[in-house]
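# Observations on chain architecture
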Amino acid sequence: MQVTDLYVSAPGKAILHGEHAVVHGKVALAVSLNLRTYLRLKATTFGKVCINLPNIDTFLSWDLSQLKQLVTYFHGKRDEVQRLDAELVRRLREFIGVTNGSLDTCSMATLSFLYLYLSLFGSGELPSLTLTVWSELPTGAGLGSSAAYSVCLAAALLCASGAIPPPLKEWEHTARWCQEELELINSWAFQGEMIIHGNPSGVDNAVGTWGGMLRFLAGKIIPLSRVPLLRILLTNTKVPRSTKVLVARVKDKINKFPSIMVPVLDSVDAISCTCEKVLSEMTCEPITGDHYNILEELIDINQHHLNVMGVGHPALDRLCQVTLVKGLHSKLTGAGGGGCGITLLRPETDSLMVQSTVQELKDCGFDCWETSIGGPGVQQHSAISVKEEILEILNHY
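The text that follows walks through the structure, step by step, so that each part is easy to find.

### Focus: the overall build of the protein
Of regular secondary structure, the protein possesses twelve helices and 13 strands. In terms of overall size, the protein behaves like a compact globule, its C-alpha atoms giving a radius of gyration of 22 Å where 397 residues would be expected to give roughly 21 Å. Taking all 397 residues of the protein together, 56% fall into the buried category. Long-range pairs, those at least 24 residues apart, make up 76% of the contacts in the protein between residues at least 6 apart in sequence. A total of about 17,100 Å² of accessible surface is found on the protein, and carbon and sulfur atoms cover 53% of it. One way to put it: in the protein the 33 positive side-chain charges average out to a point 5 Å from where the 39 negative ones average out.

### Quick word on helix α10 (residues 314-325)
Across its twelve residues, α10 extends 17 Å between first and last C-alpha, which sits within 8% of the 16 Å expected from 1.5 Å per residue. On its buried face, α10 sits against β9 (230-236), α9 (289-309), β10 (329-333), β11 (340-344) and α11 (351-363). Where α10 ends, the next residue or the one after it, glycine 327, has phi of about 80°, a positive value.

### Side note on the pattern of salt bridges
A full pass over the atoms with the stated rule returns 17 salt bridges. In this structure, the salt-bridge partner of arginine 231 is glutamate 370, at a minimum N-O distance of 3.1 Å. Taken together, the residues span a long stretch of sequence, with arginine 231 in strand β9 and glutamate 370 in strand β12 (residues 367-373) at a distance of 139 residues. Here glutamate 360 ties to lysine 326 by a salt bridge, and the two come within 3.0 Å at their closest N and O atoms. Remark: lysine 326 occurs in the loop between α10 and β10 and glutamate 360 occurs in helix α11; sequence separation between them is 34 residues. According to the relative accessible area criterion, glutamate 360 is partly exposed, its value standing at 33%. Through salt bridges with shared partners, one network takes in Glu87, Arg90, Arg91 and Glu94.

### Considerations on the side chain of serine 9
Tracing the sequence through the fold places serine 9 in strand β1 (residues 5-17). Within polar-contact distance, the side chain of serine 9 engages the side chain of arginine 36 at 2.8 Å. Only 2.7 Å separates the side chain of serine 9 from the side chain of histidine 381, close enough to count as a polar contact. In this structure serine 9 touches Arg36, Thr37, Tyr38, Cys152, Gly377, Val378, Gln379 and His381, once residues within four positions along its chain are discounted.

Here is what the cut-offs are and how they apply
- Residues numbered from 1 in each chain as written.
- Predicted model: local features only at pLDDT ≥ 70, side-chain atom pairs only at ≥ 80, totals over all residues.
- Heavy atoms only, no water.
- Helix = DSSP H or I, 4+ residues; strand = E, 2+ residues; numbered from the N terminus.
- Rg over C-alpha atoms; globule rule 2.2 N^0.38 Å.
- Buried < 20%, exposed > 50% of the residue type's maximum accessible area, 1.4 Å probe, protein only.
- Contact = heavy atoms within 4.5 Å.
- Areas by Shrake-Rupley, 256 points an atom, 1.4 Å probe, with all protein chains shown as cover.
- Lys, Arg positive; Asp, Glu negative; His and termini not counted.
- Charge placed at Lys NZ, Arg CZ, Asp CG, Glu CD.
- Expected span 1.5 Å × (residues − 1).
- Salt bridge = Lys/Arg side-chain N within 4 Å of Asp/Glu carboxyl O.
- Polar contact = N/O pair within 3.5 Å; in protein donor to acceptor, adjacent residues only side chain to side chain.

Here is the structure:
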């Protein structure tokens with residue numbers, strides 16, 4: 001093994017503008033969310049591979065001899081991403097006892113870990129290691145938690161296998177990989193996402209890898225070079241929803257009322273493009289109240305459009321009402337129909353106002369965090385740069 005102890009983290013993601021419209025060939029803006037997933041990889045000597053996922057109460061270990069039997073036929077090259085190996089996936093499903101039907105969170109996390117581990121080490125000696133992951137992201141809320149997990153796995157295992165070097169110098173607290181290495185991390189993370197989601201767009205793992213903001217249009221993902229860090233409230237209404245059902249609902253509406261709905265989609269596209277222009281202005285000239293005024297108006301207009309598309313929900317309306325009384329502007333993020341919403345905080349919004357808003361949203365039965373968008377993608381940490389409470393969890397196992 002090329003490393004003996006490694007800490008990495010990757011961010012979650014939110015859609016700023018363009019959800020649903022992106023399915024119909026319009027621009028969407030995805031942003032990194034400064035709620036992160038942290039991973040510690042530690043080399044061991046007791047002939048086992050252990051994975052600890054305390055968020056989902058999953059603690060598993062296998063003898064190396066068991067895992068070696070799965071890779072007798074396998075000769076991958078770790079610096080090249082192969083197509084998803086259906087035979088290896090089939091063997092692994094059999095190995096963990098989930099041969100048919102869809103997987104629960106624990107099985108998906110286990111399967112993607114074992115797939116990446118065996119793909120990256122399968123052509124040589126399998127190393128004994130312990131991997132512990134802790135996430136600040138809720139699972140199943142449309143915030144990219146599985147992608148952040150896959151990105152962390154890919155970065156750590158590529159480092160451990162020697163395919164990429166650890167970027168952290170002795171005197172540094174955090175460090176990022178170079179562009180070529182990030183591309184390799186992203187492509188292996190996409191493999192993990194394919195195991196978990198079947199047919200992912202690639203947006204979530206790209207945000208987890210590069211951070212900042214990405215423009216997504218017709219399958220093309222372009223990271224934007226610089227974006228300002230914006231403070232937000234992130235609210236999880238905890239209302240479950242099905243993305244598939246909501247996407248179908250929008251499609252039905254477009255088919256039923258094309259002359260009404262097509263201009264709505266064009267308008268959402270224009271919102272994404274206007275927002276992108278404003279954010280790029282904010283990185284190269286002094287930020288003014290006018291910039292924030294425009295961002296707030298775009299949030300309001302887009303939220304109304306999403307309601308017109310039929311993906312709103314009374315819980316999301318409640319979120320918008322509670323925050324608007326405080327002079328704050330909110331919209332849903334992701335599929336809608338419940339799920340999560342984001343609220344923009346201006347630089348001058350004082351902490352008492354934020355605290356009282358968070359409390360009111362919690363009183364509605366929602367979960368709420370103050371965080372930021374536009375932060376860094378996957379990075380390596382020194383132990384000292386990991387938050388104390390997270391370090392304690394990662395070092396506990």
